[in-house]
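The lines below spell out each chain.
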Amino acid sequence: MELIQNTPDLSAYLAADEVIDHHHPRVRETAARLAEGAADSYAYAQAAYEFVRDTVPHSQDAGDPRVTWRASDVLERRTGICYAKAHALAALLRAEDIPTGFAYQRLADDDGEGHVVHGLVAVRFHGSWHRQDPRGNKPGVDARFSLDGERLAFVADPQSSELDYPVLYAEPHPAVLSALKAATDRPHLWKTLPTAL
């Protein structure tokens, strides 16, 4: 699938804002620590991906009721759902000047009776965008950092009306951000997650 930038300005995929606050000391400290052992930007990107995937538990998997959405908060509190983890990874990557955007999938929800929007990121290497899913692994989910074929947590099944959205956003989608900011806790968020974009 060809990813389509929602803006042609590549610098938008390096920007900091209220959500992707990569100038925050927590983000800068984490990025510096990860960069110490990285030989190049690819190695750094993989290290940042694995750090978010493996050390920030997905709040649903962990049973954590807290809702995070700002990158620095995700890194400080060490919890978040897919969107929040994508925000944290984007901040770490942008902190080291790696263009990063937000990609989304529409997947069947856990009870199979509806759909929910799932969030991931895409990184730009060698002139192309590559989607990565830092959601966190669990039985049945084995996502990995890859520039050579996608290794996402979930593969959209068109037979189940699932799909990959082709638009690559420079900022988190407004529907996603609204749901995160309005949620009082994760059980409340689960009832208000976007079902489509």
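Residues numbered from 1 in each chain as written. Predicted model: local features only at pLDDT ≥ 70, side-chain atom pairs only at ≥ 80, totals over all residues. Heavy atoms only, no water.

Caption draft 1: Focus on the packing of aromatic side chains. Counting across every chain of the model gives 6 aromatic pairs. Note on Tyr-42 and Phe-125: the rings are 6.2 Å apart at their centroids and 70° apart in plane angle, and the pair reads as edge-to-face. Note that Tyr-42 is positioned in helix α2 (residues 41-55) and Phe-125 in strand β3 (residues 115-125), a separation of 83 residues in sequence. Exposure remark for Tyr-42: the relative accessible area of 32% places this residue in the partly exposed category. The exposure class of Phe-125 is buried, given its relative accessible area of 8%. An aromatic cluster is built from Tyr-42, Tyr-49, Phe-125 and Phe-145, whose rings are joined through pairwise contacts. When the ring centre of Trp-69 is taken as origin, the NZ or CZ atom of Lys-181, which lies over that ring, is 4.8 Å away. (Phe/Tyr/Trp six-rings, centres within 6.5 Å; stacked < 30°, edge-to-face > 60°. Helix = DSSP H or I, 4+ residues; strand = E, 2+ residues; numbered from the N terminus. Buried < 20%, exposed > 50% of the residue type's maximum accessible area, 1.4 Å probe, protein only. Lys NZ or Arg CZ within 6 Å of the ring centre and 35° of its normal.)

Caption draft 2: The pattern of salt bridges, seen in detail. Counted according to the given criterion, the structure contains 11 salt bridges. Overlapping salt bridges, with partners in common, bring together Glu-18, Arg-70, Asp-73 and Lys-181 in one network. (Salt bridge = Lys/Arg side-chain N within 4 Å of Asp/Glu carboxyl O.)

Caption draft 3: Geometry of the pairing of β3. Taking burial as the measure, the 11 residues of β3 include 10 buried ones, the bulk of the element. Direction of pairing for strand β2 (residues 100-108) relative to β3: antiparallel, over a ladder of 9 bridges. Following the sheet pairing, Phe-102 is matched in β3 by Val-121. What sits between the antiparallel neighbours β2 and β3 is a turn of 6 residues, in which Gly-112 has the positive phi angle 70°. As paired strands, β3 and strand β4 (residues 128-132) are joined by 5 bridges and run antiparallel to one another. From the neighbouring strand, Val-121 faces β4, where its bridge partner is Gln-132. Hairpin connection between β3 and β4: a loop of 2 residues separates the two successive antiparallel strands, and His-126 in this loop has a positive phi of roughly 55°. (Pairing = 2+ DSSP bridges.)

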